[in-house]
Amino acid sequence: MRSAGFQSIEIVPTALHPLVYAESLNAPGKPTILFYGHYDVQPAEPLHLWTTPAFEPTVRNGNIYARGTADDKGQVHIHLKALQALHQIGGEFPINIKILIEGEEEVGSVSLWNFVQKNKEKLKADALVVSDTSMLGKGVPSITYGLRGLNYYQIELTGPRRDLHSGVYGGAVPNPLAALAELFAKLHDKNFRVTVPGFYDNVKQLSKAERKALNALPWSRKTFQEAVGAPGYCGEKGFTTVEQLWIRPTLELNGLWGGYQGEGAKTVIPSRAYAKFSTRLVPGQDPQRIAKLVEKHVRKLLPKTVTCKFEVLSTGKPWSAPYHAPIFQRAQAALQKGFNQKAVFIREGGSIPFVTQMYDTFEVPCVLIGFGLPDENAHAPDEHLYLENYFSGIKAIAHFYQDLATL
Ligand code: BES
Ligand code: MN
Ligand code: MN
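Attention in this report is confined to the structure presented alongside it. (Residues numbered from 1 in each chain as written. Chains lettered and ligands numbered in written order. Predicted model: local features only at pLDDT ≥ 70, side-chain atom pairs only at ≥ 80, totals over all residues. Heavy atoms only, no water.)

1. Notes on the overall build of the protein chain
So, step 1. On a plain count of helices and strands, the protein chain comes out with eleven helices and 18 strands.
So, step 2. Computed over the C-alpha atoms, the radius of gyration of the protein chain is 23 Å, within 12% of the 22 Å expected from 2.2 N^0.38 for a compact globule of 407 residues.
So, step 3. Its C-alpha atoms put the protein chain at 80 × 45 × 45 Å along the principal axes.
So, step 4. Split into buried and exposed, the 407 residues of the protein chain put 49% on the buried side.
So, step 5. For the protein chain, restricting intrachain contacts to residue pairs at least 6 apart in sequence, the fraction spanning at least 24 positions comes to 80%.
So, step 6. When the accessible surface of the protein chain is summed, it comes to about 19600 Å², and 54% of that surface belongs to carbon and sulfur atoms. (Helix = DSSP H or I, 4+ residues; strand = E, 2+ residues; numbered from the N terminus. Rg over C-alpha atoms; globule rule 2.2 N^0.38 Å. Buried < 20%, exposed > 50% of the residue type's maximum accessible area, 1.4 Å probe, protein only. Contact = heavy atoms within 4.5 Å. Areas by Shrake-Rupley, 256 points an atom, 1.4 Å probe, with all protein chains shown as cover.)

2. Considerations on the coordination of the manganese ion (ligand 2)
So, step 1. Around the manganese ion (ligand 2), the donor atoms from the protein are His 38 (NE2), Asp 71 (OD), Asp 132 (OD) and Asp 132 (OD), and they sit 2.0 to 2.5 Å away.
So, step 2. One can describe the site at the manganese ion (ligand 2) as irregular: its six donor atoms subtend angles covering 56 to 164 degrees at the metal.
So, step 3. Between the two metals, the manganese ion (ligand 2) and the manganese ion (ligand 3), the spacing is 3.6 Å, and Asp 71 donates to both. Of this pair, His 38 sits in strand E3 (residues 32–38) while Asp 132 is found in the loop between strand E7 (127–130) and strand E8 (142–147), placing the two residues 94 residues apart along the sequence.
So, step 4. By relative accessible area, Asp 132 is classed as buried at 12%. (Donors = N, O, S within 2.8 Å, 3.2 Å for Na, K, Ca; no water. Tetrahedral: all angles 85-135°; square planar, octahedral: opposite > 155°, others 65-115°.)

3. Here's the deal with the sheet that holds strand E5 (residues 63–65)
So, step 1. The strand order E4-E5-E18 describes an open sheet built from three strands, whose pairing is antiparallel. Pairing within the sheet leaves two strands with one partner each, and these edge strands are strand E4 (58–60) and strand E18 (384–386). On average, each strand axis in the sheet is inclined to that of its neighbour by 25 degrees, with strand direction left out of account.
So, step 2. Of the pairings in the sheet, the one linking E4 to E5 comprises three bridges and is antiparallel in character. By the bridge assignment for E5, Arg 60 is matched with Asn 63.
So, step 3. Relative to the sheet, helix H11 (residues 387–404) contacts E4, E5 and E18, its axis offset from that of E18 by approximately 60 degrees. (Pairing = 2+ DSSP bridges. Axes fitted to C-alpha atoms, helices over the stretch in contact; angles between N-to-C directions.)

4. A short note on the coordination of the manganese ion (ligand 3)
So, step 1. Distances from the manganese ion (ligand 3) to its protein donors, namely Asp 71 (OD), Glu 106 (OE), Glu 106 (OE) and His 379 (NE2), fall within the range 2.0 to 2.6 Å.
So, step 2. Bound by six donor atoms, the manganese ion (ligand 3) shows angles of 54 to 158 degrees at the metal and therefore irregular coordination geometry.
So, step 3. Each donor residue of the manganese ion (ligand 3) belongs to the same chain, and together they define the spacing D-x34-E-x272-H.
So, step 4. Overall, His 379 belongs to the partly exposed group, its relative accessible area being 41%.

What follows is the structure, given as structure tokens:
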């Protein structure tokens, strides 16, 4: 940030990871942009699946590989390089700019939320700009106007007071792992719908026009399936894949454990079984209400032979917003200049808690310009960023900020 031309830079301590904040307000009469990104990353494990070490950025086949290249440090870097170029050319930034980089996005942005509450005046801006999403595909620059929300849960089932010899006791005692397997088998029906009563109650229906527009995007099934690499595909009946990914709520099992997991055999009936799971939420669904419904249903489905500790680790609202403010056309024009391609408006299935927080707090346009690609292994081994998008991104963002001076 310093080398990009910022003089006012703060590292703000929080209860967990510090925030980084910089601002330059030397363009009187020009718009003020708040740019947001995150420097925290998902765990790089399992490390042995990385071709080159997770924290040693390596360039290979036109990509840069390392944890955080796509999500989100590489994308933040695009903005800093664009701003640096503008500062070098003009001796100053063309607009007023505030930069906020947090370190807890991947765990729910709790410290950031406290900071926003206490610093509303400081963070005030005409628009929020974020690059923490994806492009629809290679050569398709994209502006995202909708994200799903996320609730994350963890449960602990307890059967016998302690682990038991499965020969001595097996056959006459409950096994919490079996109860857990049975529970998760019941949370979807044969049409892949979530069985929690009331789960879909308030889901907002999309207009025919919007559904049509989303399904007409140049989305590639082939690229999607190549990225996933599963032997077969499934999803909620009655909806296209794009709809299943972007506008339908889901319940996903994220981790399941308990019992013996070491090498060889151990004949044991575990005392406890655990699961981590989550729900993606769409407009109309209230995270608190959904959390209650999910807990109620889980408790109802479980047999009396186990007790259940149910924890809600985090909740987060979905977001979607109209994109007719003039800044969206400016973003589209800037992307055209950077990529020589028309930018499309898309929704996405991932979640960024801060976007919802900002939108609800300030009601400003939120311009989400993603430079990642869906198959760049965010959250997985061999995460990478396509260098062509990195460089085209810098060009586009430089045009964008320059052009906003006349907004
Ligand atoms: N950058 C992602 C969100 C994202 C990815 C949005 C792809 C759109 C397309 C973000 O870092 C992320 O991973 N968010 C988490 C939520 C968080 C509360 C743990 C997610 O979506 O799982
Ligand atoms: Mn991210
Ligand atoms: Mn992420």
